[in-house]
Amino acid sequence: MFPHPRCPPRQAAVPGRPGHQQHLIAQIRSWTPQTQAQAGDEVSRAVNRGLVWLDDSGMETADQPNVPPVFGPGDGNLANYLWDGSEVRVVDFEDSGVSDRGFELAEITEHVASWVDQPLDIETFLEQFEWTAAESLRLKDCRRLLALVWLFLLSFDKGDKPRNPPGTAERQAGRLLKLLN
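Treat the numbers as computed from the prediction; the structure is a model and nothing was measured. (Residues numbered from 1 in each chain as written. Predicted model: local features only at pLDDT ≥ 70, side-chain atom pairs only at ≥ 80, totals over all residues. Heavy atoms only, no water.)

Colleague: Just checking my understanding: could you explain the packing of helix α5 (residues 133-155) against helix α6 (residues 168-180) for this structure?
Modeller: To characterise two packed helices, one gives the angle between the axes of the helices and the distance between these axes. The geometry of α5 relative to α6 is characterised by a closest axis approach of 9 Å and an angle of 160° between their N-to-C directions. Between α5 and α6, the angle is such that the two are roughly antiparallel. Handedness of the crossing formed by α5 with α6: left-handed. Across the interface between the two elements, Arg143, Arg144, Ala147, Leu148, Trp150, Leu151, Leu154 and Ser155 from α5 touch Thr168, Ala169, Gln172, Ala173, Leu176, Leu179 and Leu180 from α6. In terms of residue class, the contact of α5 with α6 is made up of 10 nonpolar, 3 polar and 2 charged. (Axes fitted to C-alpha atoms, helices over the stretch in contact; angles between N-to-C directions. Helix = DSSP H or I, 4+ residues; strand = E, 2+ residues; numbered from the N terminus. Parallel < 35°, antiparallel > 145°, perpendicular 65-115°, else oblique. Left-handed = near helix turned anticlockwise from the far one by under 90°. Contact = heavy atoms within 4.5 Å. Nonpolar A, V, L, I, M, F, W, Y, C, P; charged D, E, K, R; others polar.)

Colleague: Help me understand the packing of aromatic side chains in this model?
Modeller: Ring pairs (aromatic) are described by centroid distance and by the angle formed between their planes. Per the counting criterion, the structure on display carries 5 aromatic pairs. Here phenylalanine 71 and phenylalanine 93 contribute two aromatic rings whose centre-to-centre distance is 6.1 Å and whose plane-to-plane angle is 25°, an arrangement assigned as stacked. Here phenylalanine 93 lies in the loop between β3 (88-90) and β4 (97-100) and phenylalanine 71 lies in strand β1 (residues 69-72), a separation of 22 residues in the sequence. Among the residues examined, phenylalanine 71 registers a relative accessible area of 22% and is labelled partly exposed. Grouping aromatic residues by their ring pairs yields a cluster made of Trp31, Phe152 and Phe156. (Phe/Tyr/Trp six-rings, centres within 6.5 Å; stacked < 30°, edge-to-face > 60°. Buried < 20%, exposed > 50% of the residue type's maximum accessible area, 1.4 Å probe, protein only.)

Colleague: Looking at this structure, how should I read the packing of helix α2 (residues 41-57) against α6?
Modeller: The interhelical angle for the contact between α2 and α6, taken along N-to-C directions, is 35°, at an axis separation of 9 Å. Between α2 and α6 lies a crossing whose hand is left-handed. Two secondary-structure elements touch here, α2 through Glu42, Val43, Ala46, Arg49, Gly50 and Trp53 and α6 through Ala169, Glu170, Ala173, Gly174, Leu176, Leu177 and Leu180. Across the contact of α2 with α6, the residue classes break down as 8 nonpolar, 2 polar and 3 charged.

Colleague: What's the story with helix α3 (residues 101-110) in this structure? I'm lost.
Modeller: Along an α-helix, residues three or four apart share an orientation, since each turn contains 3.6 residues. For α3, the tally of buried residues reaches 9 of 10 residues, placing the bulk of the element in the interior. Looking at α3, one finds that the buried residues are Gly102, Phe103, Glu104, Leu105, Ala106, Glu107, Ile108, Thr109 and Glu110. The N-capping residue of α3, defined by a side-chain oxygen 3.3 Å from the backbone nitrogen of glycine 102, is aspartate 100. (Polar contact = N/O pair within 3.5 Å; in protein donor to acceptor, adjacent residues only side chain to side chain.)

Colleague: Explain the side chain of glutamine 21 here, please?
Modeller: Within the secondary structure layout, glutamine 21 lies in helix α1 (residues 21-38). Looking at glutamine 21, the relative accessible area reads 5%, which means it is buried. Side chain to side chain, glutamine 21 and arginine 138 meet in a polar contact 2.4 Å long. If we ignore the near neighbours within four places in the chain, the residues touching glutamine 21 are Met59, Ala62, Phe103, Arg138 and Leu145.

Colleague: How do you make sense of the pattern of salt bridges when you look at a structure like this?
Modeller: Any two side chains of opposite charge can pair, on the condition that their charged atoms come close. Following the criterion strictly, the structure yields 11 salt bridges and no others. In this structure, arginine 29 and aspartate 55 form a salt bridge, with 2.5 Å as the shortest nitrogen-oxygen distance. Of the two residues, arginine 29 sits in helix α1 while aspartate 55 sits in helix α2, which places them 26 residues apart along the sequence. Across the pair glutamate 110 and arginine 143 runs a salt bridge, and its minimum N-O distance is 2.6 Å. With glutamate 110 in helix α3 and arginine 143 in helix α5, this residue pair connects regions lying 33 residues apart in the sequence. (Salt bridge = Lys/Arg side-chain N within 4 Å of Asp/Glu carboxyl O.)

Colleague: What am I meant to see in the nonpolar core here?
Modeller: Soluble globular proteins tend to bury their nonpolar side chains together. If you look at the biggest cluster of nonpolar residues, it comprises 38 residues, and the most contacted ones within it are Ile28, Leu54, Leu145, Leu151, Phe152 and Leu176. Those elements that provide at least two residues to this core are α1, α2, α3, α4 (122-126), α5 and α6. Element by element, the count of residues in this core is highest for α5, at 11 residues. Setting aside its immediate chain neighbours within four residues, leucine 54 contacts Ile25, Ile28, Arg29, Glu60, Leu145 and Leu148. (Core = buried A, V, L, I, M, F, W, Y, C linked by side-chain atoms within 4.5 Å.)

If you want it as C-alpha cells, here you go:
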C-alpha cells in the first residue's frame, strides 16, 4: 500500500480516522441516559462533571482544530506499540486515518491500558514532544474527552465476566475529575 514501510501515505488520500471527536461526542450523548441509571455515586458525579465540561467546551461545534493533521494509528492500547530498545513500532492500523497529535497522544494516555496494570508515566511521556500553544490546549481537551469516554466504557464493565479489575470505573472517575480540575 505504501511506497516504503516507514512512509505514511499522503494525508489527502487518507480518510479521517474512525472514532474521532464528533463520533465520540455523539456516542457519549447516546450513552448518557443508560449510564446515569446504573452508575454508583462516584462514577455519576464524575460523569455529570464531564458532561458539564463537554457542554461548555465547544468541542461539539468545532469543525477542525487549529492544529496540523497527522496520520494516526487510532488505537491507544499500549499493546499496539512495540519498543525494541531503540524504536517504537505500531502494529495495529485497523482504526488509522487522519487525526492530530493531541488527539492521538490523548488516545494513548487515557486508554485504560496506560494505567490499570502497569502505569505509563504520562507526564514524562508527554514531555518528549514539543507542543505549540494550540496543540497544548487541544491535548488538554482531548484527554478530558477520552477520559470521559473511558469512564462510560468502564461503567458498563459489570456482570459475571468483567474485563477489568473491580473498582476500575471508580478509579477512572477520579482520573477524569483530576483532569477537569
